[in-house]
Amino acid sequence: MKSLTFDEVSKHNKEGDVWIVIDSKVYNISKFANMHPGGTGILYAESIAGKDATQAFFGLHRHEVLLRPQYARLQIGTIAGEEPVVQPLVAGDVSRVPYAEPSWLAKGFFSPFYKEGHKRFQRAMRKFATEVVYPDAIKCEENGKRISQEVVEKLCEMNIPAMRLGPGKHLEGRTLLGGVITPEEFDHFHELIVNFELARFGTRGYVDALLAGEVIGLPPVLNFGSPELRAKVVPEVLDGKKFICLAISEAFAGSDVAGLQTTAVREGDEWVITGTKKWITNGVFADYFTVGCRSKDGYVVILVPRSDDVSTKAIKTAYSPTAGTAYVTFEKARVPVANTLGEVGKGLQVILSNFNHERWMIVCTSLSAQRMVVEECLKWVNQRIVFGKPLSAQAVVRAKLASMIARIEAGQSWLETVTHQMNNMSYDEQADKLTGQIGLLKQFITRTGRETAEDATQIFGGRSITASGMGKLIENYHRTSPYDAILGGQEDVLGDLGVRQAIKKMPKNVKL
Ligand code: HEM
């Protein structure tokens, strides 16, 4: 690469012959100027052509623009004696922006919860997510196609879908993340890390495309299926050969699971299932459906394989179709009675037993996305110049950031405390002691998420309402943050659940 001086650059300052400097790198934009998405004329402005355009550039573009191969090759040299200041992160590195990472990852900070093994695990997970998952996330979020099979296979090779079910027997004999830790070492903090790392790209539809159906649809099979059913279905799903989803909610019943209308009628050794399910994540491409039904003996959960009597139709949602959100119809679908998950009449317990884990997972992914929003905002207010000063010079902007930071730090501390309880309580103890707390935590986190989405939108202004350019991640988060407040139990219902659980546990012998 040629070493050039500002003097030489300044001679190339007119239409047909324009050079500019961005962060000490010299770009020949003579031909590109006509194709520039932001317009041609502005590149010939006196303050730009032949000059150092660093500040103008970073006020209008994300750094990643310069890293795209078609633009990177416009660079013809560097300014003699200068070094680029802006350094992109190497895959696996943590962000250098304050509060962009939970404090346990920041240099010089301590935590009672995370040990050296968690740090090792986080580094490997970040590297894998950045190198393998991120490119697919960006592509699928935009084109709406399902997660690519190649990525599914790599995820399964690392046993990431298995780890997303939490610690337990299903991990036995599996090599986790290439052997960074053993199945015995794996705990809920490792699982928290997996969820955080998969949710920090600002591609909310893809977060669900990343086999969220498996995270909520497989546990009933794992915990309540017969040994034969488990032996067949669990490896197929965890090895990425088949896809599964949880089919509970209906147009008739969402958070009110007891109001389900899909029926299961026993005929000999078979169940005959009839009804519809709505908002079913991954349903479009699922091979198995974990279905909540009403039978003459009460609620029952049944594993239904895809067949001619099961049809799925994509539902148009506010987030990307990559999530495969479906309307599912069962038209007298026949399933062996051996596919029953748990006891007939106790289906509600099967469904409810799954909820704490699902809600905790949503808290992790939402919080991770909220940190990403804080990072975006801190970068933007630092590089955007308004009224001759960086945006961060405005007190009203700093006040918004103060609230955002306080919310994520409060949420993180609460989440880590709950996660520590999960590590030390049996599943039954968790159901007894943490159901209310996780409900309240999820309500808190999803509310803060929407407050943060609002604040970030004000900070980014017009850029937050376009799906490309500087504010594209804010646009995505603002559009999709309500998902977290609805999926896995609607926000108000969960807050209410938390308080009802507390009232239930009020001792009789206390009075004011
Ligand atoms: C190597 C140099 C440059 C490249 C490769 C480049 C590329 C791009 C691209 C890809 C966009 C579309 C939006 C996006 O993806 O962010 C864009 C928009 C834009 N560019 Fe550039 N650009 C360059 C230099 C400049 C400079 C020096 C200016 C200074 C005035 C400028 C002004 C703009 C404006 C005003 C927009 C529209 C921004 C918006 O819609 O918010 N560009 N540019």
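Residues numbered from 1 in each chain as written. Predicted model: local features only at pLDDT ≥ 70, side-chain atom pairs only at ≥ 80, totals over all residues. Heavy atoms only, no water.

- The chain is annotated in an unreviewed UniProt entry as Cytochrome b5 heme-binding domain-containing protein from Postia placenta MAD-698-R-SB12.
- In its Sequence similarities (unreviewed entry) section, the UniProt entry covering the chain states "Belongs to the acyl-CoA dehydrogenase family."
- The record in UniProt for the chain states the following under Cofactor (unreviewed entry): "FAD". (UniProt positions renumbered as here; feature names shortened; annotations may be inferred.)

As for a nonpolar patch on the surface
Reasoning step 1: On the surface, a nonpolar cluster with roughly 370 Å² of combined accessible area is contributed by Val499, Ile503, Met506 and Val510.
Reasoning step 2: The class of Val499 is partly exposed, set by a relative accessible area of 46%. (Patch = residues over 30% accessible without salt bridge, like charges linked within 9 Å, V, L, I, M, F, W, Y side chains within 5 Å. Areas by Shrake-Rupley, 256 points an atom, 1.4 Å probe, with all protein chains shown as cover. Salt bridge = Lys/Arg side-chain N within 4 Å of Asp/Glu carboxyl O. Buried < 20%, exposed > 50% of the residue type's maximum accessible area, 1.4 Å probe, protein only.)

Observations regarding the sheet that holds strand β3 (residues 17-22)
Reasoning step 1: Taken in spatial order, the five strands line up as β1-β5-β4-β3-β2 in an open sheet, and their pairing is mixed. Unpaired on one side and paired on the other, β1 (2-4) and β2 (13-14) mark the two borders of the sheet.
Reasoning step 2: In this structure, β2 lies alongside β3, joined through two bridges in antiparallel fashion. Residue pairing for β3: Lys14 is matched across the bridge by Asp17. (Pairing = 2+ DSSP bridges. Helix = DSSP H or I, 4+ residues; strand = E, 2+ residues; numbered from the N terminus.)

Concerning unusual backbone geometry
Reasoning step 1: Although it is not a glycine, Asp23 adopts a positive phi angle of roughly 50 degrees.
Reasoning step 2: Topologically, Asp23 is positioned in the loop between β3 and β4 (25-28).
Reasoning step 3: Of note, the phi angle at Trp279 is positive, near 65 degrees, even though the residue is not glycine.
Reasoning step 4: Mapped onto the elements of the fold, Trp279 is located in strand β8 (residues 270-280).

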